[in-house]
Structure formats: C-alpha cells, structure tokens
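Descriptive structure summary
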Amino acid sequence: MRAAVLHAPGDVRVEERPDPRIEQPTDAVIRLTATCVCGSDLWPYRGIEAINEPTQMGHEYVGVVEEVGSEVRTLAPGDFVVGSFVISDNTCEICRAGYQSRCVNGEFVSMTIGTQAEKARIPLADGTLVTTPDVPSDDLVPSLLTASDVLGTGWFAAVAADVQPGKTVAVVGDGAVGLLGVLAARQLGAERIIAFSRHESRQQLAREFGATDIVTTRGDEGVAEIKELTHGLGAHSVIEAVGTQESMMQAIRATRPGGHVGYVGVSHDVSLPGDELFFSAVHLHGGPAPVRRFLPELIDLITRRAIDPGKVFDLSLPLDQAAEGYRAMDERRAVKALLTV
Ligand SMILES: [Zn+2]
C-alpha cells in the first residue's frame with residue numbers, strides 16, 4: 001500500500017509500505033476513505049520534535065472495515081467507521097470515566113500506526129471505532145473526518161472549559177482546533193464567543209462557526225481586550241488550542257476568577273508560575289482529548305447535518321500529494337489539508 005512517510009524535517013514522501021494485517025483477534029483492518037494533516041504533524045515536520053527513523057505519519061481517519069479479528073463483536077466488513085486518534089479498549093476504569101485518551105491499554109495512532117495511508121490496522125477495534133448509521137454520502141466525509149481529532153478535541157476543550165448556556169467564552173488559537181472549539185462553544189450554548197485571530201480568512205470561518213467578537217491582538221494586549229469586553233472580569237471559559245508558554249498564559253490571564261481553562265494545545269515547554277496560578281483562582285483542565293467519549297454524539301450531529309465542521313478543510317489533495325499538504329500548512333497557506341485515498 002501507499003503511505004506518507006516523514007524521512008527528515010521537511011521531507012515527506014509517499015511510498016510503498018507493507019499492507020497491514022490482522023495481528024491480534026481484537027484488530028480490524030480498514031481501508032481509508034480520507035485522512036488529513038494535523039497541526040501536531042508539523043512539530044516533527046519542522047524538526048521541533050525529533051524523529052529517529054523514517055516514520056509513517058497520520059492519526060486522523062475514516063474508512064471502511066475490510067477485515068476483523070475473531071474477537072471483534074461490533075464491526076463487520078463493509079461498515080463505515082470513524083476512530084479516535086488514540087486507541088482505547090473503552091472498558092477499563094479510566095475509559096468508563098470518559099478519559100479514553102488515557103486508557104490503560106491505550107496507544108497513540110501517530111506513534112505506532114500512521115493513517116496517512118491506504119489502509120490501517122486498528123487495534124482494540126471494538127473500543128476505538130464507531131460506525132456511522134449508513135455509508136455516508138461523499139459530502140459528509142470531511143466533517144466525519146474532523147470528528148476523529150480536531151472536532152473531538154475542540155469539543156473536549158469546550159467541555160473542559162465548562163462552556164454552558166449564557167457564558168462568555170474566549171478561544172486562544174485560530175487553527176482548526178480553535179475554530180472547531182468555537183463551533184463546539186456555540187453548540188453548547190455560549191452567549192458570547194470571542195476568538196483571537198489575526199488572519200482574515202480564519203476570522204471569517206470563526207464567525208461562520210459562531211464567534212461573536214474577534215480580537216486581533218495577543219499576549220497581554222489581547223488579555224486587556226478580553227477584560228475590556230467583559231466588564232474587567234475576564235471570560236468564564238477559555239479554550240487554549242496552541243500549546244505554547246505565551247498561549248497558555250494568555251488563556252489563564254483571560255479567565256475570570258472561578259472560571260475554567262480547557263487546554264488542548266499539545267504542550268511544548270510550558271511552565272506555569274505557581275504564585276500567579278495560585279492567585280488566579282481558575283480551574284485548569286485539559287490534555288489529549290478523549291475523542292472516543294464524544295464520537296457517537298458528534299457522528300449524530302454531523303449525519304443530521306446540524307453542524308458542518310468539514311469547512312475547516314481549505315485544501316484537498318490526493319494522498320500522493322501529501323508533501324504539498326504539509327508545505328501548505330507549514331507556510332500557513334492552508335488551515336487544514338484533507339487527503340483523499
Ligand atoms: Zn481503557
């Protein structure tokens with residue numbers, strides 16, 4: 001099969017890899033319908049995260065089940081499935097509490113599988129994959145694909161930030177996750193949604209997804225604007241979708257005392273000052289999103305066409321042109337690149 005492989009920073013090649021096979025009785029092999037490039041794929045692409053050997057990339061996926069192991073109960077060949085970017089059994093105590101991204105038997109798809117490929121072996125298939133009611137029409141595929149990570153992550157960020165009807169929400173980060181955090185906040189009933197963004201096309205998408213206000217400054221200046229918009233108090237709920245020291249501090253400082261920060265940007269060298277954290281009196285909750293918790297609800301919203309998160313894809317390429325997808329996202333020419341298989 002063909003798959004996208006990162007050889008060195010900036011060097012993505014689509015090449016032949018061995019076809020995945022059933023290895024455990026709980027595995028499924030799926031044929032990918034679509035996959036995509038994630039903001040987090042750019043960390044190794046830019047050389048900020050080291051890779052030690054050529055690495056098959058990708059962790060977002062939708063596709064059709066081709067074969068299942070002898071112990072798989074809920075899936076059959078021909079089913080259309082959406083899976084989380086973290087493998088989970090969905091039965092352990094951590095999973096049952098809703099934290100499937102930290103399943104005791106969990107593994108990250110990006111580390112061991114790589115779904116920017118024609119096929120993938122999905123371990124713990126019953127716990128990881130969720131079937132759609134029917135094989136979806138082509139126009140629903142991009143939205144279903146977002147549920148695999150970016151939508152599920154934006155949704156978790158909004159839940160972790162305790163977004164509720166009537167609340168004011170601020171969103172730090174105008175990448176795909178931040179934009180879908182806006183969509184999630186809207187769905188969860190937020191009254192006011194303030195998006196930080198300096199890019200016109202992203203501002204427009206944020207408004208389409210439900211942002212009521214746009215703030216174009218960042219850092220302490222951005223925080224001052226949020227305070228101005230909230231009677232000096234700060235937002236009730238702040239979504240952090242970047243993962244840097246600056247964005248995390250911006251999120252904490254934009255939150256009112258007693259408010260909630262939902263952080264989902266993968267942390268890169270973030271270090272929180274204890275004294276400031278202590279006196280901020282904010283709730284901090286986040287981490288790798290337990291997408292599996294939200295998949296049934298998100299699939300339902302998408303197949304009923306209540307939401308259209310697939311709009312975050314502003315570039316669509318065949319898998320063979322994966323390298324161009326990486327380049328376009330690296331150069332911020334694209335918010336998110338979909339790869340058709
Ligand atoms: Zn588990």
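Residues numbered from 1 in each chain as written. Predicted model: local features only at pLDDT ≥ 70, side-chain atom pairs only at ≥ 80, totals over all residues. Heavy atoms only, no water.

1. So, the coordination of the zinc ion
Inclusion rule: Each metal's donors are the N, O and S atoms within 2.8 Å of it, or within 3.2 Å when it is Na, K or Ca, and because water is not part of the set, sites may look incomplete. Geometry is assigned from donor-metal-donor angles: four donors are tetrahedral when every angle falls between 85 and 135 degrees, four are square planar and six octahedral when opposite donors sit over 155 degrees apart with all other angles between 65 and 115, and any other arrangement is irregular. Each residue is assigned to one of three classes by its accessible area relative to the maximum for its type, calculated with a 1.4 Å probe on protein chains only: buried under 20%, partly exposed between the two thresholds, exposed over 50%.
Protein coordination at the zinc ion: the donors are Asp89 (OD), Cys92 (SG), Cys95 (SG) and Cys103 (SG), at 2.1 to 2.3 Å from the metal. Taken together, the 4 donor atoms coordinating the zinc ion span angles of 93 to 122° at the metal, a pattern that classifies the geometry as tetrahedral. Taken in chain order, the donor set of the zinc ion reads D-x2-C-x2-C-x7-C. On the basis of relative accessible area, Cys95 is assigned to the buried category, the value being 2%.

2. Observations regarding the nonpolar core
Rules: Residues grouped as a nonpolar core are buried Ala, Val, Leu, Ile, Met, Phe, Trp, Tyr and Cys residues, joined through side-chain atoms within 4.5 Å. Strands here are runs of E lasting at least two residues and helices are runs of H or I lasting at least four, both read from the DSSP assignment and numbered beginning at the N terminus. These domain limits were set by an automatic method or by a database of domain assignments. What makes two residues a contact is simply this: any of their non-hydrogen atoms within 4.5 Å.
If you look at the biggest cluster of nonpolar residues, it comprises 56 residues, and the most contacted ones within it are Val62, Leu144, Leu151, Trp155, Phe209, Ile239 and Val312. Among the elements that make up this core, the one with the highest residue count is helix α7 (residues 176–187) (8 residues). Summarising the domain contributions, this core has at least three residues from each of domain 1 (2–149 + 290–340) and domain 2 (153–286). Every residue in contact with Trp155, bar those within four places of it in the chain, is listed here: Leu183, Ala184, Gln187, Leu188, Phe294, Glu297, Leu298 and Leu301. With 17 residues, the next largest nonpolar core counts Val37, Leu42, Met57 and Leu339 among its residues.

3. A few points about the environment of Asp213
Position of Asp213 among the secondary structure elements: in strand β13 (residues 213–215). Separated by 102 residues in sequence, Asp213 and Met111 place their C-alpha atoms 38 Å apart. Filtering out sequence-adjacent residues up to four positions away, Asp213 remains in contact with Arg192, Ile193, Ile194, Ala195, Arg207 and Leu229.

4. What about the domain arrangement of the protein chain?
The condition is simple: Buried area: the accessible area, evaluated with a 1.4 Å probe, that two parts lose upon being put together, summed over both parts. Salt-bridge detection follows one rule: a side-chain nitrogen of Lys or Arg within 4 Å of a carboxyl oxygen of Asp or Glu. A 3.5 Å cut-off defines polar contacts: any pair of N or O atoms within that distance qualifies, except that in protein one atom must be a possible hydrogen donor and the other a possible acceptor, and neighbouring residues in sequence count only when both atoms are side-chain atoms.
Taken domain by domain, the protein chain comprises domain 1 (2–149 + 290–340) and domain 2 (153–286). Computed over C-alpha atoms only, the centres of domain 1 and domain 2 are separated by 26 Å. Contact residues are listed per partner, giving 23 residues for domain 1 and 19 residues for domain 2. Buried surface at the junction of domain 1 and domain 2, summed over both partners, amounts to about 1,700 Å²; 67% is from carbon and sulfur atoms. If you sort the residues of domain 1 by the area they bury against domain 2, Trp43, Arg332 and Val335 come out on top, with a joint share of 28%. Taken together, domain 1 and domain 2 are joined by 2 salt bridges. With a closest N to O distance of 3.3 Å, Arg332 and Asp174 form a salt bridge. Applying the counting rule to domain 1 against domain 2 returns 5 residue pairs in polar contact (both at pLDDT 80 or more).

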